[in-house]
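Here's the letter readout for the chains.
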Amino acid sequence: MCGIVAYLGDKEAQPLLLEGLRRLEYRGYDSSGIAVLNGKGLEITKRVGRIDQLERALNSHPLHGSLGISHTRWATHGKATDINAHPHTDASGKLAIVHNGIIENYGVLKKKLQDKGLQFRTETDTEVLAYLIGFHFDALDVETGNRLEMAVMEALREVTGTYGLVAVHQDQPDVMVGARRGSPLVLGIGQHEHFLASDTAAIAAHTQTVAHLRDFDVVTVDRQGYRLKSLTHNKAGLEISQINYDAGEADLGDFPHYMLKEIFEQTLSIQNAVRGRLNLEECTAQLGGLNLTPQELREIDRIVITGCGTALHAGLVGEYIIESLAHVPVEIDWASEFRLRNSPLDRRTLVLAISQSGETEDTLGALREAKRKGHRVLGICNNVASTLARETDGGVYMYAGPEISVAATKSFTSQVVIFVLLGLLLGRMRFLSASQGREMIAAIEALPDQITSILKQSDHIRRIAEKYRDIDSMLFFGRQMQYGIALEGALKMKEITYIHAEGHPTAELKHGIIALVDEKTPSVFLCPKDGAYDKNVNNMQQVKARKGSVIAVATEGDEDILQHADDVFYIPEAPEYTAPILSVIPLQLFAYHMAVILGRDVDKPRNLAKSVTVP
Ligand code: M6R
């Protein structure tokens, strides 16, 4: 994981790097650091903890210079400590690197360098890489002008693993070298200045002209400009593009936390996901980005949906939606599992990779595995500049805007509504009548107002969260299209409150889970008025009979539910396929308020990072 920002230009580097790091904090926040070349040498400041800690240190001792590299870390090798924070230096202390990824053969490389008499200061794989580059730098002819570039390339030829990295050396004070394999790195091209960063968000306030490095690219930036080389002798140049990113969109505004802001943005993000995609005349959806002809769409006889975490939960809801609307068999698989197993795909199988960030390592691994076997892979993705967006054969963008909080919220509802659109499109090509299509369109168009009405319950949900603040554990139950919401409700609760939470299909209660029910373990039942309503109520009674508290998510107007539940979150009446988009919102708010009440770091929960870019 981790985020990198580097700058070479005519301005002071430190403030630009700090600002960039703040925009990348979603990629990790165990520690952060910055190195600046100031004409006299290399100066480094790094601190364990949030970027505020680093900023405080830099306020007392600012680093001056117009070339700098910086990093925000999610620890993989070595604890989160000052010393393990990046940048790391080589044995001479004259070379510094920042790195995102994992050097898999670092043990072998470390031994080799130790055998040459070098002594290491940290337990990290990145320090080994820094030493290795430094070793090659020192071995090269001093007269060589592109010594750092050559040293980086020599070192990377020995490395197995993944990296997005930037290196600087005080003997070449006007050069920075970036390289990529597996972890993203983007070059930002400005007026008399260049940036290298893990994500365009870090640099978009300063330049909109960018080029994404490909695997094995090595880019050298100096005061004259940049040049590209490739470790695989790939002759293709960098593809320069303009980004359309409004850095202001990522600001908090009047909200106390990004998570709350993003929950409230769902009225708009749903509209953005649907805009231009409904065909009222044909009573269907239009998803041009799929890059499939109607004939090809008709020929799909199986869909495999893959992703991680919240994205996978959206896929699980999508499985029920597509099977019920289009009668196409759908299979769900965690990307981490799919990439390793020998899934029997065939020509008519469509693989759908879902990811908000488009940078999740396991999801990219799954999509590459499917492509290797010759399958068509489409993506559902929010980040249009992501690796997933570039590597899939087509897909659907969410257009949800930046999601900063580690807990995914608006991306989830956008993903589910895209599955509704896909179900409508595929369904209308198969079994759905025009009037059914029209009904679906009406249900989709009703969503923004329905979401607004749920958001108005935020204070009511906070009061209920207050009531349950002392619990240690919580259960979430749902059936059919609500099963994925039970999983998602539990995930939201555990990741930001640290309260143990489990999600299950409701009927599994009696097959073991009921043993957990007691006065201190409340159960949340997703219980809208649908085909599973009576069965859900039966299960609620079984929990009540064992002194467990019940919180129900129910349909407005359902007064009977009050006999079975201690507390109720109401959602507007909706068909089964749009109800999950509504029922998840009270659970997002519930987890949010609980986390605030418990004093948790809502947007940056412990041990997590927004984008999981390591396997
Ligand atoms: O960027 P992605 O959608 O690929 O991320 C997948 C998961 O890492 C992500 O959904 C994670 O589970 C969230 N923290 C959940 O809130």
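Only a predicted model underlies this, so the values are computations on that prediction, with no experimental measurement involved.

J.: Can you walk me through the pairing of strand E1 (residues 3-8) in this structure?
T.: Two faces belong to every sheet, and in a regular strand the side chains alternate between them. Counting buried positions over the six residues of E1 gives six, a clear majority of the element. Because side chains alternate across E1, one face comprises the buried residues Gly3, Val5 and Tyr7, and the other comprises Ile4, Ala6 and Leu8, equally buried. Pairing of E1 with strand E4 (residues 67-73), which is carried by six bridges, proceeds in the antiparallel orientation. Bridge assignment links Leu8 to a residue of E4, and that residue is Leu67. Sheet topology note: the E1/strand E10 (residues 194-197) ladder contains four bridges and is antiparallel. Paired with Ala6 across the two strands is Leu196, which belongs to E10.

J.: Explain the site of the ligand to me, please; I cannot follow it from the model alone.
T.: In the region of the ligand, 14 residues are neighbours, and Ser355, Gln356, Ser357, Thr360 and Glu495 sit closest. Between an oxygen atom of the ligand and a main-chain N or O atom of Thr310, the distance comes to 3.1 Å. The separation between a nitrogen atom of the ligand and a polar main-chain atom of Val406 is 3.0 Å. With the chains in place, 92% of the 410 Å² that the ligand exposes on its own is no longer accessible. Mapped onto the shell around the ligand, the elements with two or more residues apiece are helix H9 (309-326) and helix H16 (483-497). Classifying every residue of the shell around the ligand by side-chain character gives six nonpolar, six polar and two charged.

J.: Please clarify how the environment of Ala554 should be interpreted in this entry.
T.: Along the polypeptide, Ala554 turns up in strand E25 (residues 550-555). Under the relative-accessibility criterion, Ala554 is labelled buried at 0%. On a C-alpha basis, the gap between Ala554 and Gly307 in space is 29 Å, while along the polypeptide they are 247 residues apart. Discounting chain neighbours no more than four positions away, the residues touching Ala554 are Cys527, Pro528, Ile561, Val568, Phe569, Tyr570 and Ile571.

J.: What exactly am I supposed to notice about helix H17 (residues 533-544) here?
T.: The periodicity of an α-helix, 3.6 residues per turn, causes residues three or four positions apart to be oriented the same way. Helix length check: H17 (twelve residues) gives 17 Å between terminal C-alpha atoms against 16 Å at 1.5 Å per residue, within 8%. Every buried residue belonging to H17 is among Tyr533, Asn536, Val537, Asn539, Met540 and Val543, and all of these are buried. Down the axis of H17, the smallest arc covering the buried residues is 160 degrees, so these residues share one side. Next to the buried residues of H17 lie strand E24 (523-527) and E25.

J.: How should the sheet that holds strand E23 (residues 500-505) be read in this particular structure?
T.: Two pairing modes exist for strands in a sheet, parallel and antiparallel, and in both the strands are linked by backbone hydrogen bonds. The five strands are arranged E23-E22-E24-E25-E26 in an open sheet whose pairing can be described as parallel. Of all the strands in the sheet, just E23 and strand E26 (567-571) have a single pairing partner and so form its edges. Put simply, the sheet's adjacent strands are angled 20 degrees from each other on average, direction ignored. Bridge count for strand E22 (residues 473-478) against E24 is three bridges, and the pairing is parallel. Paired with Phe477 across the strands is Phe525, a residue of E24. Across the sheet, helix H18 (residues 579-597) is in contact with E22, E24, E25 and E26; its angle to E26 comes to roughly 135 degrees.

J.: For this particular structure, what's the right way to read the domain arrangement of the protein chain?
T.: The accessible area lost on association of the parts is a frequent measure of interface size. According to the domain assignment, the protein chain consists of domain 1 (3-245), domain 2 (258-453) and domain 3 (457-602). Residue-level contacts link 32 residues of domain 2 with 29 residues of domain 3. A combined buried area of about 2500 Å² lies between domain 2 and domain 3, and 75% of that area is made up of carbon and sulfur atoms. Our count for the domain 2 to domain 3 interface comes out at seven residue pairs in polar contact (both at pLDDT 80 or more). Mapped by element, the contributors of at least two residues to the side of domain 2 that touches domain 3 are helix H6 (258-264), helix H7 (266-274), H9, helix H13 (410-428) and helix H14 (434-455). For the side of domain 2 that touches domain 3, the leading source of residues is H9, giving nine residues. Residue composition of the side of domain 2 that touches domain 3, by class: 21 nonpolar, ten polar and one charged.

J.: Where do I start with H18 in this structure?
T.: Taking 1.5 Å per residue as the helical rise, H18 with its 19 residues ought to reach 27 Å, and the 28 Å between its terminal C-alpha atoms agrees with that figure. When you tally the buried positions in H18, you get 18 out of 19 residues, the bulk of the element. In the stretch just after H18, Gly599 is the one whose phi turns positive, near 75 degrees.

J.: How should I be thinking about the pattern of salt bridges in this particular structure?
T.: Pairs can form between side chains of opposite charge whenever their charged atoms are close. In the structure shown here, the tally under the stated rule is 35 salt bridges. A salt bridge links Glu466 to Arg469; the nearest nitrogen and oxygen atoms lie 2.8 Å apart. Each member of the salt-bridge network shares a partner with another, and the members are Arg302, Glu331, Asp333 and Arg341.

J.: What should I look at first to understand the sheet that holds strand E7 (residues 163-169) in this one?
T.: Strand order in this open sheet of six strands is E5-E6-E7-E8-E12-E13, and the pairing throughout is antiparallel. A single partner strand is all that each edge strand has here, and the edge strands are strand E5 (88-89) and strand E13 (225-230). With five bridges connecting them, strand E8 (residues 172-181) and strand E12 (residues 217-222) associate as antiparallel partners. Paired with Ala179 across the two strands is Val218, which belongs to E12.

J.: Help me understand the side chain of Glu193 in this model?
T.: Considering the arrangement of structural elements, one finds Glu193 in the loop between strand E9 (186-189) and E10. Residue classification places Glu193 among the buried residues on the basis of a relative accessible area of 4%. Residues contacting Glu193, with those up to four places away along its chain left out, are Tyr7, Leu8, Gly9, Lys11, Gly188 and His206.

J.: Where do I start with the packing of H9 against H13 in this structure?
T.: Packed helices, taken two at a time, are described by the angle between their axes plus the distance between the axes. At a minimum axis separation of 9 Å, H9 and H13 run at an interaxial angle of 20 degrees. Viewed along their axes, H9 and H13 adopt a mutual orientation that is roughly parallel. The two elements H9 and H13 cross, and the hand of that crossing is right-handed. For the pair H9 and H13, contact is made by Thr310, Ala311, His313, Ala314, Gly315, Val317, Gly318, Ile321, Ile322, Leu325 and Ala326 and by Phe412, Gln415, Val416, Phe419, Val420, Leu422, Gly423, Leu424, Leu426 and Gly427, respectively. Taken together, the residues of the contact of H9 with H13 break down into 14 nonpolar, seven polar and no charged.

J.: What is the right way to read the pairing of E7 from this model?
T.: Across the seven residues of E7, seven count as buried, placing the element largely inside the fold. The two faces of E7 match: Tyr163, Leu165, Ala167 and His169 on one face and Gly164, Val166 and Val168 on the other face are all buried.

J.: Hey, could you run me through unusual backbone geometry in this one?
T.: Among all residues save glycine, negative phi is the norm, and among peptide bonds the norm is trans. A cis amide bond links His86 with the next residue in sequence, Pro87, at an omega value of 0 degrees. By secondary structure assignment, the location of Pro87 is in the loop between E4 and E5. The phi angle at Tyr399 is positive, at roughly 55 degrees, despite the residue not being glycine. Position of Tyr399 relative to the elements: it lies in the loop between strand E21 (394-397) and H13. On the basis of relative accessible area, Tyr399 is assigned to the partly exposed category, the value being 42%. The backbone of Tyr498 sits at a positive phi, close to 70 degrees, despite the residue not being glycine.

Thresholds applied
Residues numbered from 1 in each chain as written. Predicted model: local features only at pLDDT ≥ 70, side-chain atom pairs only at ≥ 80, totals over all residues. Heavy atoms only, no water. Buried < 20%, exposed > 50% of the residue type's maximum accessible area, 1.4 Å probe, protein only. Helix = DSSP H or I, 4+ residues; strand = E, 2+ residues; numbered from the N terminus. Pairing = 2+ DSSP bridges. Near = heavy atom within 4 Å. Polar contact = N/O pair within 3.5 Å; in protein donor to acceptor, adjacent residues only side chain to side chain. Areas by Shrake-Rupley, 256 points an atom, 1.4 Å probe, with all protein chains shown as cover. Nonpolar A, V, L, I, M, F, W, Y, C, P; charged D, E, K, R; others polar. Contact = heavy atoms within 4.5 Å. Expected span 1.5 Å × (residues − 1). Arc of directions from axis to C-beta. Axes fitted to C-alpha atoms, helices over the stretch in contact; angles between N-to-C directions. Domains from an automatic or database assignment. Buried area = accessible area lost by both parts, 1.4 Å probe. Salt bridge = Lys/Arg side-chain N within 4 Å of Asp/Glu carboxyl O. Parallel < 35°, antiparallel > 145°, perpendicular 65-115°, else oblique. Left-handed = near helix turned anticlockwise from the far one by under 90°.

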